[in-house]
Amino acid sequence: MTAPTPIAIATATVDLDEEGRLLVPGTRTPVPEARIAQHLARHLRIPPRATDVYVYVHGWQTSPAAADRSAAALLTEAAALHRSAPTAYPGLTRGFRPWCVVVRWPSSSLPSPAGYRRIRARAHAMSAQGQAGRVLGHLLGYLDADRGDPASPRVLANRNGQYLHLVGHSFGGRFLCEAVQYAADRPAGPPVLGWSRPGDPTRPFTVDSALVFQMAAPRDAFTHLFPRLFLGPGRPGAPLRGPLVLTHSRWDRATGFWHLRAEGRPGIGHSGTGVAPVPQFSTRLRPTASPYPRTELDHPIVNIDAARVYRGGLATRLNPAGAHSDFHHPESAHLLLSLAAHSR
């Protein structure tokens, strides 16, 4: 039997320094803030045949090369899953051809509680006090403006168009939430999504879905750290029209035991979201043969209990974080692909 042709996933990279500043490729030189938009336009080109644009931000203990491999592996698995069972994802009748921007940042430390706290402090400084949120906001704005029109038969997919998704792991979820908060208002435009919730008319720039694996943030983060992420009384909502989906596993020691020691409570990646300013829905990570009904994913926040799959082996000296990074499974690709399909 002839082996199937491997699926090549195209990616681009964006590098940030310890202060969250965008770096000139291959250097440690920051791009001046006034030139960020011009820099992105010069170095990033969305392939016209791409149907889905992904922004992937990695988490703790991830080298630049490992971040590239992680993003490519996840999307390769999703593309292969779609190719093997296209009728299981009826929203993707025109194909699934992902393209990904990998956002890389200095996340390495000693594999210890002290090392975890150090990177936790860096991530907070980069996102809440530094420039990472603004840089990624620029990135999302550029990708939104440069998306193709899905009504065009040459594109096959949107600024009304090629679909824009966020994927993060661990502390990468913080950067993505900050980026969506920083995204600038734009003139009113047409609706672009298949989800039930109406958009804020001042923000047609939309993110079609956001998926964070094992988020390293307090369970009340969406009340205290990211208060502008959702529409609320007297304030516009950030441009997030699709759901924010968050996996958690009781086997995640980094956001369990270590987060408990650092903040006096476990994190989202261990226990799911606690209090939040919008309705939540909780469900379990489904096997690849079990479709996600739209009613399970069409909520502002969706908590996915992945403990059956994300187990990571026993926490040891060589694997002190337990299941924190154990999200590379077919079930994860199935979830990502289901979000893409329901975004249509």
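Our subject in this report is the structure included herewith. Because the structure is a prediction, the values reported are computed rather than measured.

## Observations regarding the overall build of the protein
The helix and strand inventory of the protein stands at 10 helices and eight strands. Relative to its full complement of 344 residues, the protein shows a buried share of 55%. Just so you have it, the protein exposes about 14200 Å², and 57% of that area is on carbon and sulfur atoms.

## Regarding the side chain of Asn303
Within the element layout of this structure, Asn303 appears in strand β8 (residues 301-305). For Asn303, the side chain forms a polar contact with the side chain of Gln280, separated by 2.7 Å. When neighbours within four sequence positions are excluded, Asn303 is seen to be in contact with Leu246, His248, Gly272, Thr273, Gln280, Phe281, Ser282 and Thr283.

## Quick notes on helix α1 (residues 36-43)
Every α-helix carries 3.6 residues per turn, so stepping three or four residues along brings you back to the same face. Looking only at α1, the buried set comprises Ile36, His39 and Leu40. For α1, the arc enclosing every buried residue in end-on projection is 95°, short of the 170-degree limit, so these residues lie on one face. Buried-residue contacts for α1 involve α4 (132-146).

## A few points about the pattern of salt bridges
By the definition in use, this model includes nine salt bridges. A salt bridge links Arg28 to Glu18; the nearest nitrogen and oxygen atoms lie 3.0 Å apart. Taken together, the positions of Arg28 in the loop between β1 (10-15) and α1 and Glu18 in the loop between β1 and α1 put the pair 10 residues apart, joining distant regions of the chain. According to the relative accessible area criterion, Glu18 is partly exposed, its value standing at 39%. Of the charged contacts, one joins Arg134 and Glu33 as a salt bridge, the two residues approaching to 3.6 Å between their closest N and O atoms. Separated by 101 residues along the polypeptide, Arg134 in helix α4 and Glu33 in the loop between β1 and α1 bring together distant segments of the chain. Residue Arg134 is classed as partly exposed on the basis of its relative accessible area, which comes to 29%. It is possible to trace a salt-bridge network through shared partners that takes in Asp15, Asp68 and Arg104.

Cut-offs and rules
Residues numbered from 1 in each chain as written. Predicted model: local features only at pLDDT ≥ 70, side-chain atom pairs only at ≥ 80, totals over all residues. Heavy atoms only, no water. Helix = DSSP H or I, 4+ residues; strand = E, 2+ residues; numbered from the N terminus. Buried < 20%, exposed > 50% of the residue type's maximum accessible area, 1.4 Å probe, protein only. Areas by Shrake-Rupley, 256 points an atom, 1.4 Å probe, with all protein chains shown as cover. Polar contact = N/O pair within 3.5 Å; in protein donor to acceptor, adjacent residues only side chain to side chain. Contact = heavy atoms within 4.5 Å. Arc of directions from axis to C-beta. Salt bridge = Lys/Arg side-chain N within 4 Å of Asp/Glu carboxyl O.

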